[in-house]
Amino acid sequence: MNYSLIILIPLIPLAVFLVLGLLNRKIGPAVSGLIGVSGILLSTVLSFYTAYQYFGVVGKVSGAYPTLVESVVWMNFTDTLRIDMGVLIDPISVMMLIVVSTVSLMVHIYSRGYMKGDEGYTRFFSFLSLFTFSMFGLVLATNLFQIYIFWELVGVSSYLLIGYYYTKESAVAAAKKAFIVTRFADLGFLIGILLIGYYTGTYDFGALNDPGGAILSNWAPASFMGLSVLTWGLILIFIGGAGKSAMFPLHIWLPDAMEGPTPVSALIHAATMVVAGVFLVARLFPMYFFVEDGFALQIVAFVGAFSALFAAVIALTQTDIKRVLAYSTMSQLGYMMLALGVSGYEGSEGLGYMSSMFHLFTHAMFKALLFLCAGSVIHAVHSNELKDMGQLRKYMPVTHISFLIAALAIAGIPPFAGFWSKDEILVAVFEHNTFLYGIGILVAGLTAIYIFRIYFGIFWGKNKAYEHSPHESPSSMTFPLVVLAVLSATVGFIPFSSFISPDRTGFEGHIDIPMAIVAVAVALLGLGVAWILYKKESEMVSRLTDRLGVLYTWAHQKFYVDELYLFVTKNILFKGIAAGAAWFDRNIVDGTMNLIGNSTVVLSRKIKGMQSGRVQDYAMAFVSGTVLLAILFIYLWTS
Amino acid sequence: MDILSLFIVFPLLTVLVLLGAKSLKQARLIALAGTIVQVGMSVNLLFAYLRERSVNDEIMLFTRDLVWFKDFNIHYSIGVDGISVALLILTSLVVLAGVFISWKMEELPREFFISLIVLSTGVYGFFISLDLFLMFVFFEIAVIPMFLLIGIWGSGPREYAAMKLTLMLMGASAILLVGILGIYFNSGADGGPLTFNILEIAKVQIPVEAQKLFFPLTFIGFAVIGALFPFHTWSPDGHASAPTAVSMLHAGVLMKLGGYGVFRVAMYLMPEGTLHWSWFFIVLAAFGVIYGAFAAIRQTDLKYINAYSSVSHLGLVLFALLMLNKTAWNGAIIQSLSHGFMTALFFALIGMIYERTHTRDVTRLGGLLKVIPFISATYVIGGLASLGLPGFSGFVAEMNIFVGAFQHPEISYRIASIFAVSAIVVTAVYILRVVGMMLMGPLKENSLTPMERATWYEKAGIFLMLLPIIGIGVAPLWLSEMILQSIQPFIQGVL
């Protein structure tokens, strides 16, 4: 492997960021777009080259794909603990390089059309490059602290891009919310790192993940409340992952993050950054699996399954198409977490892990495509709301077909990409736990309904009179759609299982026919329901929502989770603690200081009065003092 | 003239030249030239130090010792290690930036720059002193000009603020003096002569009972200027009234004397006292970290926000020092530097914003990124640095502190650490609140009039602060190794 080429993959976007950031006002949009696209193009070429080198040239070493590491010391903490900066090449990091570079390249190309004429064009591209750099750094991380560093950096890029339209109050609020909610989750991540670092004496993935190593064979150096401290560490780290990957109940920032420009939603909030949490669990998978017989992994599975269902239900009721897609993302991320949570370790038992990564890969393609199509639609009708859309297939054929392919893919209809990965997930879950499988298959049905609900709503549905007749987007925007549509249709055929498995040996994958039939039948059922309800404008929808009553209202209001958060932050943290601290400081702490100061002044005024300057007063004091002393003296003398 | 005494003599020479200045132009040129030379001197000292360090493993380098007052064994005794060198660089850079920021100081410019430079002399002297008495004298030299600077050039209730600040710091000095004298009178415990020399006293075992008595006095005496809760209230009022450059210097440099003194004097000379009292002060410091951050959330005056933010960030310094291991100490020193640059940057930016909008009330500002993009973008970067984003110095400092704090074997210390770590969330809240209200969002009344873009001298001041923040944040290794190396003898002394 040629490390100096691999290191260029993140460094090129970093250079682009610095150049565009520093020359922000001096270069025109044409130049900055060109610099941005050519930079990421180079990184993409290098990523594919790396993948070829790794899987093709290096290949398996004694039966398993090797983990290749190259790093330098960045900072020393103690004699054993330090932060390294470097690259770690193994099957999942190579896969992530492909995902991040491909989607980022498509989004860069698309943005040249989408952001045309925007005054912050250069700023947009520089932030996009900052994000791409950080994401590459994250997937290549060799140790917990490096991943944390880039984790924070993707977070801040996300903040800057959500708040891209910074004079818009809702965008500012959404950016702030995204940063603070994920920061809260990162607090868990950080404490988890500190705990694990303290008890194992290393942050290095190689040492932490070694199944035969000292750490995993003695996973309980100490225990706390009945669980190993390492389990606590892993749970805390998962909180960080759940924050980034929008797992319940830390998901509330993701729908609001849709305030950012749509290409950003495609890249960051659908395809790459939000899968960082899944990637994190996968990165530490041997630890999750072996420590305390996978106790923490059970939590991952249940949180994932619940989030998948929870989000799918909300997605059914939203009217903003980007928000539907956001909840859909949350739901699919739940699938990935669920699959990781039920996975075994050796050989084909690692099906869950493999299918999770597979789904991450296919989802990145079709979800990015869905968002870019949505962007194309929004570009045409200048609204995010379903009510402003209808019959668009007549005006936007390329967008329509691309969206349809992506919708079929996410619904799990063969032979599109989502079918293959979702099927593997369901098989893995079924082998592990039938209850979770029930949730999984239910979510599969709901997925088909909500995605075809918006598909029909946008491209079929009511005949809408448009003020300006909508038209297809320019080729800079449709080109990425076509590329991603081709990928969404075909990447399912990649024999993923021979490349990726927890023990890195790979195994023979196969399709479980009965399981596949059930899954496809459910998906088709969902599609049928959506067809009946939404293909033409119909009364049935409103009758149905009336019938559901409270259930519908709750789902529509996102189960009031936001309101709950608002109550806690506004009333308890802000009005209670923060205002309390401010008041306490001004009145009690400072009051005490002022009291000391003032009483000194008052006292001095009193004493000052004695120095009147009149001789009679001094004489009086002198005489009475002498008399007092004399009395005292006599008293002491006689007793 | 030795390389260190120059740090005291040269500023005083600058002051003498300044006395002859006739106008603002002359005064600021002399001050600029003088402070640029100071930066040159401190950078030169850094290289000289690194060179000397590779061949010399004494605790203190470039030492010099002259008898000052024989009867009490008071010496003019100076010397530096990596920690003091780093702090000297910080001081010289902040003073230079302060001169840039005061480029348009119309009111009594000569006297203003003289006070500024006298103050910096006190700080330099403090950082190079090895004699407790000398150190105390320099401490006072640094504090007194503050009264004039706020009282004469300040704004708002400046007399009140100046008085409050000076009285609280003087009160602390009085306590500190008792502590120092306590150390002095016990320095002969091994039968030797009484001495003020830090290195000499460190070799002596001060009686444990005396340590238990004088440690808290010395600690509090220093910690008041380090804004330890609940002795921090001079800071918000003082900063709000102080002119920009004074706030920069005060928060950026002067407040660092606290942590430095605690480390160099209280903890180094009284290890038993430290162990005995550490839990008590850890509770205060950890509480201050969270408390300052929460109090900052509710403020609307930019200077108050920054002042409470300092209470939180500097609480972390004292917290880390009390964790008694080299990782946390390293973090404490880097946090001192990092906070120095960040807070000076913030005060500079607040001054610039105030000059243009005539308000420091965040609720009355909005959309400044559109109007003054350079200043606003720098504010965002400073904010991100302040909330501990990787790539900036704050992250390096905080991670050293947190990892170090977690190395403490006692579980209760780790619980206190978790408490302190959670400040990273609260900090994000108050920083992003200001960024969201003031820099982003729709334009408000105060932002509507066209404003002057950042001038060259303002940019110069900004870059002087920003570059070290990024430099330490991106490549922390050399700095942290230099500090770790200097911490080594202290670790052996205390533990």
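Remember, predicted model here, so these are calculated numbers, not experimental data. (Residues numbered from 1 in each chain as written. Chains lettered and ligands numbered in written order. Predicted model: local features only at pLDDT ≥ 70, side-chain atom pairs only at ≥ 80, totals over all residues. Heavy atoms only, no water.)

(A) Spatial organisation of the overall build of chain A. Of the regular secondary structure elements, chain A holds 25 helices and four strands. With the C-alpha coordinates aligned to their principal axes, the bounding extent of chain A is approximately 115 × 65 × 55 Å. For chain A, with 639 residues in total, the buried portion stands at 59%. Partitioning the contacts of chain A with sequence separation of at least 6, the portion at a separation of at least 24 is 79%. In the structure as shown, chain A presents an accessible area of about 25000 Å², 68% of it carried by carbon and sulfur atoms. Charge separation in chain A, taken as the distance between the mean sites of 36 positive and 36 negative side-chain charges, equals 12 Å. (Helix = DSSP H or I, 4+ residues; strand = E, 2+ residues; numbered from the N terminus. Buried < 20%, exposed > 50% of the residue type's maximum accessible area, 1.4 Å probe, protein only. Contact = heavy atoms within 4.5 Å. Areas by Shrake-Rupley, 256 points an atom, 1.4 Å probe, with all protein chains shown as cover. Lys, Arg positive; Asp, Glu negative; His and termini not counted. Charge placed at Lys NZ, Arg CZ, Asp CG, Glu CD.)

(B) Structural detail: the confidence of the model for chain B. Residues of chain B with pLDDT of at least 70 account for 99%, and the chain-wide mean is 89. Interface confidence for the predicted complex, expressed as ipTM, amounts to 0.92; the pTM equals 0.92. (pLDDT = per-residue confidence, 0-100.)

(C) Broad picture of the pairing of strand β2 (residues 74–80) of chain B. All names here are of chain B. Across the seven residues that make up β2, a large majority, seven, are buried. Alternating residues of β2 divide into Ile 74, Tyr 76, Ile 78 and Val 80 and His 75, Ser 77 and Gly 79, and every residue in both groups is buried. The pairing of strand β1 (residues 61–69) with β2 spans six bridges and is antiparallel. What sits directly across from Val 67, in β2, is His 75. (Pairing = 2+ DSSP bridges.)

(D) Just the interface of chain A and chain B, in detail. Each partner contributes to the interface: chain A provides 49 residues, whereas chain B provides 61 residues. For the pair chain A and chain B, the summed buried area comes to about 4900 Å², and 71% of that belongs to carbon and sulfur atoms. Of all residues in chain A, Trp 74, Tyr 166 and Arg 183 of chain A bury the most surface against chain B, accounting for 14% of the area lost on that side. Our count for the chain A to chain B interface comes out at four salt bridges. Across the chain A-chain B interface, the total number found is 15 residue pairs in polar contact (both at pLDDT 80 or more). Sorting the residues of the side of chain A that touches chain B by element identifies β1 (68–76), α5 (144–162), α6 (169–200) and α24 (561–610) of chain A as the ones contributing at least two each. A class-by-class count of the residues in the side of chain A that touches chain B yields 34 nonpolar, five polar and 10 charged. (Buried area = accessible area lost by both parts, 1.4 Å probe. Salt bridge = Lys/Arg side-chain N within 4 Å of Asp/Glu carboxyl O. Polar contact = N/O pair within 3.5 Å; in protein donor to acceptor, adjacent residues only side chain to side chain. Nonpolar A, V, L, I, M, F, W, Y, C, P; charged D, E, K, R; others polar.)

(E) Fine view of the UniProt feature "domain: NADH-Ubiquinone oxidoreductase (complex I) chain 5 N-terminal" (unreviewed entry) in chain A. Under the UniProt annotation, "domain: NADH-Ubiquinone oxidoreductase (complex I) chain 5 N-terminal" (unreviewed entry) lies at residues 74–125 of chain A. Taken end to end, residues 74–125 of chain A is 56% helix and 21% strand, and its first and last C-alpha atoms sit 29 Å apart. (UniProt positions renumbered as here; feature names shortened; annotations may be inferred.)

(F) Quick look at helix α14 (residues 326–357) of chain B. Residue and element names in this part refer to chain B. Over its 32 residues, α14 extends 45 Å from the first C-alpha to the last, a length consistent with the 46 Å expected when each residue adds 1.5 Å. Burial of α14 is extensive: 29 of the 32 residues sit out of reach of the surface. Of the residues that open α14, the one with a side-chain oxygen 3.2 Å from the backbone nitrogen of Thr 327 is Asn 325. (Expected span 1.5 Å × (residues − 1).)

(G) Region of the structure containing the domain arrangement of chain A. Per the domain assignment, the segments making up chain A are domain 1 (3–556) and domain 2 (563–638). Each of domain 1 of chain A and domain 2 of chain A was reduced to a C-alpha centroid, and the two centroids are 63 Å apart. (Domains from an automatic or database assignment.)

(H) Local environment of empty space enclosed by the protein. All names here are of chain B. Summed over all chains, the structure comprises nine cavities of 30 Å³ or more. When its volume is computed, the largest cavity comes out at roughly 100 Å³. Leu 302, Ile 305, Asn 306, Ser 309, Phe 346, Ile 350, Tyr 379, Gly 383, Ser 386, Tyr 430, Ile 431 and Val 434 are the residues that line the largest cavity. Among the elements of the structure, α13 (302–322), α14, α16 (373–386) and α19 (423–439) are those that each provide at least two residues to the lining of the largest cavity. When residues in the lining of the largest cavity are grouped by element, the largest group, four residues, is from α13. Residues that form the lining of the largest cavity fall into these classes: eight nonpolar, four polar and no charged. (1 Å grid on protein atoms, 1.4 Å probe; cavity = no way out; pocket = protein on both sides within 12 Å on 5 of 7 lines; lining within 4 Å. Points joined across faces, edges and corners; volume = space filled by probe spheres on them.)

(I) Seen up close, the layout of surface pockets. Estimates place the volume of the second largest pocket at around 1400 Å³. Lining the second largest pocket we find 43 residues, and of these Lys 176, Ile 180, Thr 569 and Phe 574 of chain A together with Val 429 of chain B sit closest to its centre. Elements with a minimum of two residues in the lining of the second largest pocket: α6 and α24 of chain A together with α12 (271–297) and α19 of chain B. Of the residues forming the lining of the second largest pocket, the biggest block, 11 residues, is contributed by α6 of chain A. Here the residues of the lining of the second largest pocket are counted per class, giving 25 nonpolar, six polar and 12 charged.

(J) Region of the structure containing the packing of aromatic side chains. Counted by the stated rule, this structure contains 77 aromatic pairs over all chains. Judged by centre distance (6.2 Å) and plane angle (65 degrees), the ring pair of Phe 215 of chain B and Phe 281 of chain B falls under edge-to-face. With Phe 215 of chain B in helix α8 (residues 208–223) and Phe 281 of chain B in helix α12, this pair connects stretches of sequence that are 66 residues apart. Here the basic side chain of Arg 283 of chain A rests over the ring of Phe 205 of chain A, its NZ or CZ set 5.7 Å away from the ring centre. Positioned above the aromatic ring of Tyr 354 of chain B is the side chain of Arg 360 of chain B, whose terminal nitrogen or guanidinium carbon lies 5.4 Å from the ring centre. (Phe/Tyr/Trp six-rings, centres within 6.5 Å; stacked < 30°, edge-to-face > 60°. Lys NZ or Arg CZ within 6 Å of the ring centre and 35° of its normal.)

(K) Quick look at unusual backbone geometry. A cis amide bond links Pro 414 of chain A with the next residue in sequence, Pro 415 of chain A, at an omega value of 5 degrees. Locating Pro 415 of chain A in the fold gives a position in the loop between α17 (397–411) and α18 (417–432). A cis amide bond links Phe 229 of chain B with the next residue in sequence, Pro 230 of chain B, at an omega value of 0 degrees. Mapped onto the fold, Pro 230 of chain B is located in the loop between α8 and α9 (234–241). Backbone geometry places Ser 62 of chain A, a non-glycine residue, at a positive phi of 40 degrees. Relative to the helices and strands, Ser 62 of chain A resides in the loop between α2 (29–58) and β1. Overall, Ser 62 of chain A belongs to the exposed group, its relative accessible area being 76%. One non-glycine residue with positive phi stands out, namely Met 225 of chain A, at about 50 degrees.

(L) Structural context of the environment of Gly 113 of chain A. Residues and elements named next belong to chain A. Within the secondary structure, Gly 113 sits in helix α3 (residues 91–114). A relative accessible area of 8% places Gly 113 in the buried class. Sequence-wise, Gly 113 and Thr 231 are 118 residues apart; in three dimensions their C-alpha atoms are separated by 48 Å. The contacts of Gly 113, once residues within four sequence positions are left out, are Ser 476 and Met 477.

(M) Structural detail: the pattern of salt bridges. All names here are of chain A. Scanning the model with the defined rule gives 20 salt bridges over all chains in all. Note that Lys 177 and Asp 256 form a salt bridge whose closest N and O atoms lie 3.0 Å from each other. Within this pair, whereas Lys 177 is found in helix α6, its partner Asp 256 is found in helix α10 (residues 253–256), the two being separated by 79 residues in sequence. A relative accessible area of 18% places Asp 256 in the buried class. Of the charged contacts in the structure, one is a salt bridge between Asp 562 and Lys 177, with a shortest N-O distance of 2.5 Å. Of this pair, Asp 562 sits in helix α24 while Lys 177 sits in helix α6, and the two are 385 residues apart along the sequence. Note on Asp 562: relative accessible area 18%, which makes it buried.

(N) The packing of α18 of chain A against helix α21 (residues 513–534) of chain A, seen in detail. Residues and elements named next belong to chain A. One way to put it is that α18 packs onto α21 with a least axis distance of 10 Å and a crossing angle of 115 degrees. Considering how the two elements wind past one another, α18 and α21 form a crossing that is right-handed. Counted together, Phe 419, Asp 423, Leu 426, Val 427 and Phe 430 of α18 and Met 515, Ala 516, Ala 519 and Val 520 of α21 form the full contact between these two elements. Looking at the contact of α18 with α21 residue by residue, the class counts come to eight nonpolar, no polar and one charged. (Axes fitted to C-alpha atoms, helices over the stretch in contact; angles between N-to-C directions. Left-handed = near helix turned anticlockwise from the far one by under 90°.)

(O) Region of the structure containing the side chain of Thr 233 of chain B. When you line up the elements, Thr 233 of chain B lands in the loop between α8 and α9. A polar contact of 3.1 Å, which involves the side chain of Thr 233 of chain B, links it to the side chain of Asp 590 of chain A.

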